Amino acid sequence: MCGKPKLTYFNGRGRMESIRWLLAAAGVEFEEEFLETREQYQKLIKDGALLFDQVPLVEIDGMKMVQTRAILNYIAAKYNLYGKDLKERAFIDMYVEGTTDLMGMIITFDFTPPKERNLPLIIERATTRYFPVYEKALKQQGQEFLVGNQFSWADVHLLEAILMVEEREPTVLSKFPVLQVFKARISNIPTIKKFLQPGSQRKPRPDDQYVATVMKILKKD
Amino acid sequence: MAGKPKLHYTKGRGKMESIRWLLAAAGVEFEEQFVETKEDLEKLRKDGHLLFQQVPMVEIDGMKMVQTRAILSYIAGKYNLYGKDLKDRALIDMYVEGTTDLMGMIMYLAFQPPDAKEKNLALIIERATTRYFPVYEKVLKDHGQEFLVGNHVSWADVHLLEAILMAEECKPDILSPFPQLKAFKGRISNIPTIKKFLQPGSQRKPPADDKFIAEVKKIFNI
């Protein structure tokens, strides 16, 4: 089925943002439908559009795909951002799972009651568990990209993670010179540069209103 | 690099169990080194064997792989349990993510405080019977084939069987509304490699008991 992929999600980052990043990096134009009311969400469920009653939902190539990782895997493979063989895939998968865990902490953060939030833990994890790994991987290979000397999903995901953490702690890359260079380089890839400009489909940081809307739609009080 | 894969984890199910299932289903023999104390974990970390300081870790084909999904994807890809093309993969990925979510809920149940356990158990049973099992029941009914994807055994089938058995441990008659899944369970359990894994004496691990939970909490400082 021809036509642009269509993304259905809340009007914010959440779990859909990594998918927007990857499509944008691959130079793929996409449409979006935003969930703004509980009724809309319930209608999607009633119409059988959501395999497990959850969003993200991405309509692509005749499929109604759900489950973030499944969607990302598909896009990465389709647009040649998944390495050239099984071993490169293995490394891309490992790196992406790391950045997923890190970004997952931040996504959850915004939905945690203020009293229970722990930003210092996130920054500690970023600077002692995650960033050192990518700093080392890039340094060891002396290459531009994380895997196989070729631009891949792992690079896009790492840039997304870096920017997300920097929003909470602007100096977080101060001890990571290689990541600083990486950030500048990947940001300058034309498709990514375009996505980083105002007016793109990149979503802003969640605010209280966004959190409230999501909780209302999913009925999580 | 020759030699059997070597699994590093605690001596229980947790996040490693799905990996044991998949290797067993693929007929791949593997070794295990158990993390039994905090010191065991610290040594693995200090020696630089854990990319993100976490287990599971699987030594396979010259790599020290971490991150459960990465390891499972690699094994599935290597042993032809990942479908024949991108679209098969997409379906397998979606199905596996569903069973991962369900099994994740069950896994964490053992770590809940007693007062939350009953409520969470009820939620697990509700999710299994209204969100997850109906999906797989319908997939099998709609195409009438033996396996979930592409008329060929895949990672999705192994993972679904694992999830069914785990859910049955929560509620033994949980499959009663699902005739397709009952037949599926019988069929997949009879695949020789899986049948072997289901027999006593295999490397399949038992459900966590209180003693094991206490040990795990100590090792991981939780």
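So, how was this worked out
Residues numbered from 1 in each chain as written. Chains lettered and ligands numbered in written order. Predicted model: local features only at pLDDT ≥ 70, side-chain atom pairs only at ≥ 80, totals over all residues. Heavy atoms only, no water. UniProt positions renumbered as here; feature names shortened; annotations may be inferred. Helix = DSSP H or I, 4+ residues; strand = E, 2+ residues; numbered from the N terminus. Rg over C-alpha atoms; globule rule 2.2 N^0.38 Å. Buried < 20%, exposed > 50% of the residue type's maximum accessible area, 1.4 Å probe, protein only. Contact = heavy atoms within 4.5 Å. Areas by Shrake-Rupley, 256 points an atom, 1.4 Å probe, with all protein chains shown as cover. Lys, Arg positive; Asp, Glu negative; His and termini not counted. Charge placed at Lys NZ, Arg CZ, Asp CG, Glu CD. 1 Å grid on protein atoms, 1.4 Å probe; cavity = no way out; pocket = protein on both sides within 12 Å on 5 of 7 lines; lining within 4 Å. Points joined across faces, edges and corners; volume = space filled by probe spheres on them. Nonpolar A, V, L, I, M, F, W, Y, C, P; charged D, E, K, R; others polar. Buried area = accessible area lost by both parts, 1.4 Å probe. Salt bridge = Lys/Arg side-chain N within 4 Å of Asp/Glu carboxyl O. Polar contact = N/O pair within 3.5 Å; in protein donor to acceptor, adjacent residues only side chain to side chain.

The name given to chain A in an unreviewed UniProt entry is glutathione transferase, with the source organism recorded as Pelodiscus sinensis. What the UniProt record of chain A gives under Sequence similarities (unreviewed entry) is the line "Belongs to the GST superfamily. Alpha family."

1. Brief notes about the overall build of chain A
Summing up its helical and strand segments, chain A has nine helices and four strands in all. In terms of C-alpha radius of gyration, chain A reaches 18 Å, essentially the compact-globule figure of 17 Å for 221 residues. Reported as C-alpha extents along the three principal axes, the dimensions of chain A are approximately 50 × 45 × 30 Å. Per-residue burial for chain A yields a buried fraction of 50% across its 221 residues. Residue pairs in contact within chain A that sit at least 24 positions apart in sequence constitute 67% of those at least 6 positions apart. Summed over its atoms, the accessible surface of chain A is roughly 10,500 Å², and 52% of this surface lies on carbon and sulfur atoms. Charge-centre separation for chain A: the mean point of 32 positive side chains lies 1 Å from the mean point of 29 negative side chains.

2. Remarks on empty space enclosed by the protein
By rolling a water-sized probe across the atoms, one finds the places where empty space is left. This model, assessed by the stated rule, comprises five cavities of 30 Å³ or more. R69, N73 and E97 of chain A together with R69 and S73 of chain B are the residues nearest the centre of the largest cavity, which is lined by 15 residues in total. The set of elements that each furnish at least two residues to the lining of the largest cavity consists of helix 3 (68-78) and helix 4 (86-110) of chain A together with helix 3 (68-78) and helix 4 (86-109) of chain B. Residues that form the lining of the largest cavity fall into these classes: seven nonpolar, two polar and six charged.

3. With respect to the environment of L146 of chain A
All names here are of chain A. Looking at the secondary structure, you find L146 in the loop between helix 5 (119-141) and helix 6 (153-168). Between the C-alpha atom of L146 and that of Y95, which follows or precedes it by 51 residues, the distance is 8.5 Å. Apart from the residues lying within four places of it in its own chain, the contact partners of L146 are Y95, Y134, A137, L138, Q141, A154, D155 and L158.

4. Here's the deal with the interface of chain A and chain B
Of the residues lining the interface, 31 residues belong to chain A; the matching set on chain B comes to 32 residues. Summing both sides of the interface, chain A and chain B together bury roughly 2,800 Å²; the carbon and sulfur share of this comes to 66%. Counting the surface chain A buries against chain B, the share from its top three residues, F52, M94 and R129 of chain A, is 23%. Inspection of the chain A/chain B interface yields one salt bridge. As a salt-bridge pair, E97 of chain A and R69 of chain B come within 4.0 Å of each other at their nearest N and O atoms. Here chain A is connected to chain B by seven residue pairs in polar contact (both at pLDDT 80 or more).

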